[in-house]
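Working through the structure, step by step
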Amino acid sequence: MSTLVAYETGSPQPMRSGPGKRSSPLHWRWSDRLALAFAWIAGLGLCAIAAAIALYMGYRGIQYLRPNLLFSRPQVSLSQAGSGGFLDPMAGTLLLCAIGITLAVPVAVGSAVWIAEYGRPAWLARIVESSIEIVAGTPDIVIAVFGLALFQLPLFAPFSFTASGGGVFGRSFIAAGAMMSLIALPPMFVATRDGLQAVPAHMREAAFALGKTRIATIRRVLLPSVRSNMAAGVTLGVSRIIGDTAIVVLLLGGTPRLESQGSVPGLGLLRGTGSTLTSYVYENSPAGEGGAPQKAYAAAVVLMLFVLGLNLIVDRIGRSSAQTTGRTVTGGVL
Amino acid sequence: MLEGLRNPWPDHRAERTLGAVSLLVGVVVVAMVVFVAIQAWPAFAHNGLSWLGSGGSLEQQISSMQATSVRPPASAYHLRAWPLIYGTLITTLAAVVLGLAISVLSSIFIVELAPARLRGIAIPVIRLLASVPSVVYGLIGILVLVPFVGNHVISPGEKVAVQNTVELTGAGLGVAIVILTVMITPIMIALICEALSSVPNSWREGAIALGVNPVRAMLAVTLRAARPAIVAAAVLATARALGEAIMISMVSGSRDFAPRLGDGLTVLFEPLRTLASAIVDYHEGVGAPALKSTLYAFALLLLFSAFVLSVAGYLIKLPLRRYQVRG
């Protein structure tokens, strides 16, 4: 007791708490100061670039985006005033998303469940995981030319536009949608698998103790508990599909309007050709054939709004899931 | 049919069904390699390994391919793809090196330096950069950056100096590298940030207790511990940069020209084409078998590089797993 009092009152110079003089960057080595400065410049610079892109696109959107562009169909015209809007490309984007997601969800969820819950034999599981990793690493342009080779086979002729001479074109919504499912698959697989692996083991054990089989456990207990992970994965997949251009340019035929093939109403549309917002932007930019930069800007703004909306959805799902389960859906800081 | 689905499945049948579904992706990967390789075979068979070399004008070689009919003679397959390979390598290398420096610095900024409020802004902003579609980057490049570079950055003297070989419009190597860097940096930041924040805090605190300043502790301890993740991020970004087709095709000037490093700074304004953007630029010519086979050969080369990078990424992540750091 007495020593403590002596320490508190009797020491001639009170001990300084907190950082000493080293805390001021002015006294650091010049290399450290340089690193500090560059780190601030890099971080703020990236934010500035993002802000510049957002502001510039916003400005162009206010300048060129008119409601009638959203509700009118594209026309073939030489002037920007007469070339119509982009109703068809928007419908094309939605249709392609629907096809791609419908094809990708069963495969992604099925393989994630198999990897996380069964995964035997181990070598087979490893093959499956690495082939999904390879698909994730393959450039979209390679996937697009693969789709072109695949759907030009006579076997797949019913799925695409066929020329009058019998030549298979290999370009249709089905062809593009099937390839889109490949680029949407990896994020969905990873989100679902990570979710399943993070489910605590006692949930499975409780289900087994109640006499449920493995597959019943998966369907009634595990899949419902990773619903938010799957939702985040699907949203990421959708944003990949919406943003992809190479597959659309090569596989969708590049007709400004949705052109049906054949007389069956639904199937004709799927077999037909069309365009999406991304290919519309590409074709109307100076890189494509139509020099209609105003239309390209307007469509690009709509595209950005779609992507922003999807980002917000992922954010929302992530936040609500982190609140209830204490873990993030997509994993990672960003 | 529906009755069967509603009744509980036998476990072994469920396992086999799910296993078969999982194998589908493997089948697709094998099919992809086989299909692309079969289509690419004639191009390699007629040229041998000198296909990868340089020689002659690529533009002439490709236009003579487009001129051939349905049954091309063997001479129609003649091509020397070096300018495209060179263009791919130089854009990728420059963008990855630049992007690596920027992303390491901004990861330090996000994890260590930024005040909490600024970090709350920076993270969604960088995520936004990652999700902007490549065609939007290309549009901004071709309508904003290319005219700006063409009108204000390139001096008339530089245009005159190379006017006998190539015309400088502003579209070219420099703009392509800048936009590619902006596109791949967010991917690297995501991985590096995750690795930096998973290094135990006590390591850095220990260094600070020994009297070094926070930045030096970050550089000497945390960054060093996260080295494998930084390499893994660079590998992933390389894969992304190699395959970027649409944006490069829009802003690179689309000429089969190999930028000459001997031209000094002017090299940044010289047009080029990469393997991926060549596929986009020439895809309408797939009716000519020789050109089609050549385009598939480009795709095969890209697929092969993606394979190699995927294996490299796996090998790099092995030491990461040992430290239980997710990469």
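Residues numbered from 1 in each chain as written. Chains lettered and ligands numbered in written order. Predicted model: local features only at pLDDT ≥ 70, side-chain atom pairs only at ≥ 80, totals over all residues.

What about the overall build of chain B?
Here is the rule we go by: Only runs of H or I of at least four residues qualify as helices and only runs of E of at least two qualify as strands under DSSP, and these elements are numbered from the N terminus. Labels follow a simple rule on C-beta atoms placed from the backbone: if 20 or more others lie within 10 Å of a residue's own, it is buried; if 12 or fewer, it is exposed; otherwise it is partly exposed. This entry defines residue contacts through backbone-placed C-beta atoms, with two residues in contact when those atoms are within 7 Å.
The helix and strand inventory of chain B stands at 14 helices and zero strands. Tracing chain B from N to C terminus, the helices and strands come up as α-α-α-α-α-α-α-α-α-α-α-α-α-α. With the C-alpha coordinates of chain B rotated into their principal frame, the extents come out at 70 × 70 × 35 Å. The buried share among the 327 residues of chain B stands at 51%. Counted over contacts in chain B with a minimum sequence separation of 6, partners at least 24 positions apart contribute 80%.

A short note on the overall build of chain A
If you tally the helices and strands in chain A, you get 14 helices and zero strands. Element order for chain A, N to C, with α for helix and β for strand: α-α-α-α-α-α-α-α-α-α-α-α-α-α. The buried share of chain A, reckoned over its 334 residues, is 46%.

Comments concerning unusual backbone geometry
Cis geometry is adopted by the peptide bond preceding P121 of chain A, which originates at R120 of chain A and carries an omega value of -10°. Summarising the element assignment, P121 of chain A is placed in the loop between α4 (87-118) and α5 (122-137).

Description of the packing of helix α4 (residues 82-113) of chain B against helix α8 (residues 173-198) of chain B
All names here are of chain B. Quick reminder of the rule: All axes here are fitted lines through C-alpha atoms, helices being fitted over the stretch that makes contact, and every angle between N-to-C directions spans 0 to 180 degrees. Orientation is classified from the angle alone, with under 35 degrees giving roughly parallel, over 145 giving roughly antiparallel, 65 to 115 giving roughly perpendicular, and any other angle giving oblique. In this scheme, a crossing is called left-handed if the near helix is turned counterclockwise away from the far one by less than a right angle; it is called right-handed if the turn is clockwise. Residue polarity is assigned by list, with Asp, Glu, Lys and Arg as charged and Ala, Val, Leu, Ile, Met, Phe, Trp, Tyr, Cys and Pro as nonpolar; anything else, Gly included, falls into the polar class.
For the pair α4 and α8, the least separation of the axes is 6 Å and the interaxial angle reads 40°. Comparing their axes, α8 and α4 come out oblique. The handedness of the crossing between α4 and α8 comes out as right-handed. For the contact of α4 with α8, the residue count by class is 19 nonpolar, eight polar and no charged.

Here's the deal with the environment of I208 of chain B
One can find I208 of chain B in helix α9 (residues 201-209). Sequence-wise, I208 of chain B and P10 of chain B are 198 residues apart; in three dimensions their C-alpha atoms are separated by 60 Å.

Brief notes about the interface of chain B and chain A
The accessible area lost on association of the parts is a frequent measure of interface size. With 78 residues of chain B at the interface, the matching set in chain A holds 67 residues. Across the side of chain B that touches chain A, the residue classes break down as 57 nonpolar, 16 polar and five charged.

A word on the nonpolar core
Note the threshold: Each nonpolar core reported here comprises buried Ala, Val, Leu, Ile, Met, Phe, Trp, Tyr and Cys residues connected via C-beta atoms within 7 Å.
In terms of nonpolar packing, the biggest core is built from 203 residues, with V145 and A300 of chain A together with V36, I192, I279 and A299 of chain B touching the most fellow members. Counting residues per element, this core draws most heavily on α8 of chain B, which supplies 18 residues. Leaving out residues up to four positions away in the same chain, V145 of chain A has contacts with L250 of chain A together with V36, I279, L295, Y296 and A299 of chain B.

Let's talk about the packing of helix α6 (residues 140-151) of chain A against helix α2 (residues 11-47) of chain B
Closest axis-to-axis distance for the α6 of chain A/α2 of chain B pair is 9 Å, and the angle between their directions is 80°. The orientation of α6 of chain A with respect to α2 of chain B, classified from their angle, is roughly perpendicular. Note on element contacts: α2 of chain B touches α6 of chain A through M32, F35, V36 and Q39 of chain B, opposite V145, F146, A149 and L150 of chain A.

Considering α6 of chain A
Helical periodicity: at 3.6 residues per turn, an α-helix aligns residues three or four positions apart in one direction. All names here are of chain A. Stated formally: The span one expects for a helix is its residue count, reduced by one, times 1.5 Å.
Between its terminal C-alpha atoms α6 stretches 16 Å, which fits the 16 Å expected from twelve residues at 1.5 Å a residue. For α6, the buried fraction is high: twelve of the twelve residues fall into the buried class. Burial in α6 covers these residues: D140, I141, V142, I143, A144, V145, F146, G147, L148, A149, L150 and F151.

A look at the environment of F151 of chain A
Residue and element names in this part refer to chain A. By secondary structure assignment, the location of F151 is in helix α6. Along the sequence, F151 and A125 sit 26 residues apart, while their C-alpha atoms lie 29 Å from each other. For F151, the residues in contact, after removing those within four places along its chain, are F156, F159, S160, G170 and A175.

Details of the confidence of the model for chain B
The predicted structure's coordinates, where accompanied by low pLDDT, should not be read in detail. All names here are of chain B. Worth spelling out the cut-off: Residue-level confidence of the predictor is what pLDDT reports, using numbers from 0 through 100.
Per-residue pLDDT for chain B has a mean of 86; in total, 95% of the residues score no lower than 70. Looking across chain B, the model is least confident in helix α1 (residues 2-6), with a mean pLDDT of 57, and most confident in α4, with 93. Overall fold confidence for the complex sits at a pTM of 0.88, while the interface term, ipTM, reaches 0.89.

What to know about helix α11 (residues 227-243) of chain B
In a regular helix each residue adds 1.5 Å, so 17 residues correspond to 24 Å; α11 of chain B covers 25 Å between its end C-alpha atoms and thus fits that length. Taken across its 17 residues, α11 of chain B has 14 buried, putting it largely inside the fold.

Topic: the confidence of the model for chain A
Scored by pLDDT, chain A comes out at a mean of 83, with 85% of its residues at no less than 70. Counting contacts from residues 326-334 of chain A, a segment whose pLDDT is below 50, to residues more than four positions away or on other chains yields 29 contacts.

Quick notes on the environment of L65 of chain A
Residues and elements named next belong to chain A. You can see L65 is positioned in the loop between α2 (30-64) and α3 (67-71). Of the residues examined, L65 has 19 C-beta atoms within 10 Å and is grouped as partly exposed. Taking C-alpha positions, L65 is 10.0 Å from A296, a pair spaced 231 residues apart along the chain. What L65 contacts, discounting residues up to four positions off in sequence, is A298 and V301.

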